[in-house]
Amino acid sequence: MRVALLILGSVLFSSGSVSAQGGTEHQQHYPNISGEVIFENDRVLVQKFVLQPGEWEGIHPHSGHQLGINLTDGQSTVRYGDQETTSIGRAGSAGWQRAVDLSERHESGNTGDTPVEWLWVNLKPSVTGSAQEAVDHRHHYPNIPGEVIFENDRVLVQRYVLQPGEWEGIHAHSGNQLYIMLTAGETTVR
């Protein structure tokens, strides 16, 4: 069994120097569906959502920038007012959602025939006094190659696949990272 792994390198590259916040202000809320908090620390809040075929989230805002990661393949349609875009998401793909005001009348719906599951990684403001370092945020494992699947000025997403019995090799971490396992499997960390 192979293990597919996404690494979000140095998850918060920069968002200004403001106090770190906790609580519900970073959670994504939808009128028609509810999500589950999977992970939270002082830099990110990760929520999982499932949208059934024919189901729509309802018109909602996004209070801040977010990284979306598809956990399943599926078709969805995104609306901003009267404009619609339909796309096929692939498991393990990632995309960026800018902050959206309620007046934009934004919502998404599952227009396919299978449930769509995704994670929203909600970026929190950086901690007061944290300095931005000029480092290579790409993660490097000596024994396995990775691929960059998404990158912007705030996040870098890389994908790695570990085959049975394979080890990453001794490595360093250049900054904060969030690991997301895309497949079931057992791993050991030394």
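Residues numbered from 1 in each chain as written. Predicted model: local features only at pLDDT ≥ 70, side-chain atom pairs only at ≥ 80, totals over all residues. Heavy atoms only, no water.

### Looking at the overall build of the protein
Step number 1: Looking only at helices and strands, the protein features 0 helices and 12 strands.
Step number 2: Starting at the N terminus, the α and β elements of the protein follow one another as β-β-β-β-β-β-β-β-β-β-β-β.
Step number 3: A total of 190 residues make up the protein; the buried ones form 35% of that total.
Step number 4: Once local pairs closer than 6 in sequence are excluded, the contacts in the protein between residues at least 24 apart make up 76%.
Step number 5: Accessible surface, the protein: about 10,200 Å² in total, of which carbon and sulfur atoms supply 50%. (Helix = DSSP H or I, 4+ residues; strand = E, 2+ residues; numbered from the N terminus. Buried < 20%, exposed > 50% of the residue type's maximum accessible area, 1.4 Å probe, protein only. Contact = heavy atoms within 4.5 Å. Areas by Shrake-Rupley, 256 points an atom, 1.4 Å probe, with all protein chains shown as cover.)

### Overview of the side chain of His60
Step number 1: For His60, the location among the structural elements is in the loop between strand 3 (44–51) and strand 4 (66–70).
Step number 2: Here His60 falls in the buried class, since its relative accessible area comes to 1%.
Step number 3: Only 2.7 Å separates the side chain of His60 from the backbone oxygen of Gly58, close enough to count as a polar contact.
Step number 4: Beyond its immediate stretch of four places on either side in the chain, His60 contacts Gln28, His29, Tyr30, Pro31, Val100, Leu102, His106, Glu107 and Ser108. (Polar contact = N/O pair within 3.5 Å; in protein donor to acceptor, adjacent residues only side chain to side chain.)

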